[in-house]
Amino acid sequence: MDGMNQQLRIKAAWMRGGTSKGLFFHERDLPMNSTEREAIFLAAIGSPDPYGRQLNGVGGATSSTSKIVIIAPSQDANFDVNYTFGHLAIQQPTIDWSGNCGNLVAAVAHFAIEERLIKTPVENGLQLVRIWQTNVN
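Values in this document were obtained by computation on a predicted structure and should not be read as measured data.

### So, the side chain of Gln-133
Then, number 1: For Gln-133, the position within the fold is in strand S6 (residues 131-133).
Then, number 2: A relative accessible area of 9% places Gln-133 in the buried class.
Then, number 3: At 3.1 Å, the side chain of Gln-133 and the backbone oxygen of Gly-99 are in polar contact.
Then, number 4: Within the structure, Gln-133 has its side chain in polar contact with the side chain of Asn-100 (distance 3.3 Å).
Then, number 5: The contacts of Gln-133, once residues within four sequence positions are left out, are Tyr-83, Phe-85, Gly-99 and Asn-100.

The structure is reproduced here in structure tokens:
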């Protein structure tokens, strides 16, 4: 990526899980280079914003609305999807990859169902979604 002046088109979904909101990406749609990925995530959310408003992105200027999720089909037969969580700082160009967001796990399941990433069939009107969170194993 040659600077942030290049316009990119990357499929994403803005989803709510509990009291949190996050921007969801398919891993397959993202560059492999982690520096390029992080630049995309920061720009999409609108961080850093020295005024704390995130007007240039979809972030809501709060901790609970400055989150990204990366979803990939799991290669492990015991799981349907891999879930990677990133929490973006509002006023600094940083992403914390060490945590978890319990609220967004519900949205991960919904995203996986909508995107047809589930390996098990619907049974009695219920869909089992098996999620592996890569951040905390």
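### Let's talk about the pairing of strand S4 (residues 81-88)
Then, number 1: Across the 8 residues that make up S4, a large majority, 6, are buried.
Then, number 2: Bridge analysis of strand S3 (residues 67-73) against S4 gives 7 bridges, and the strand direction is antiparallel. For Ile-70, the partnering residue across the bridge sits in S4 and is Thr-84.
Then, number 3: Across 3 bridges, the pairing between S4 and S6 is parallel.

Reading the values: rules and limits
- Residues numbered from 1 in each chain as written.
- Predicted model: local features only at pLDDT ≥ 70, side-chain atom pairs only at ≥ 80, totals over all residues.
- Heavy atoms only, no water.
- Helix = DSSP H or I, 4+ residues; strand = E, 2+ residues; numbered from the N terminus.
- Buried < 20%, exposed > 50% of the residue type's maximum accessible area, 1.4 Å probe, protein only.
- Polar contact = N/O pair within 3.5 Å; in protein donor to acceptor, adjacent residues only side chain to side chain.
- Contact = heavy atoms within 4.5 Å.
- Pairing = 2+ DSSP bridges.

Functional significance is not addressed by these values, which are geometric in nature.
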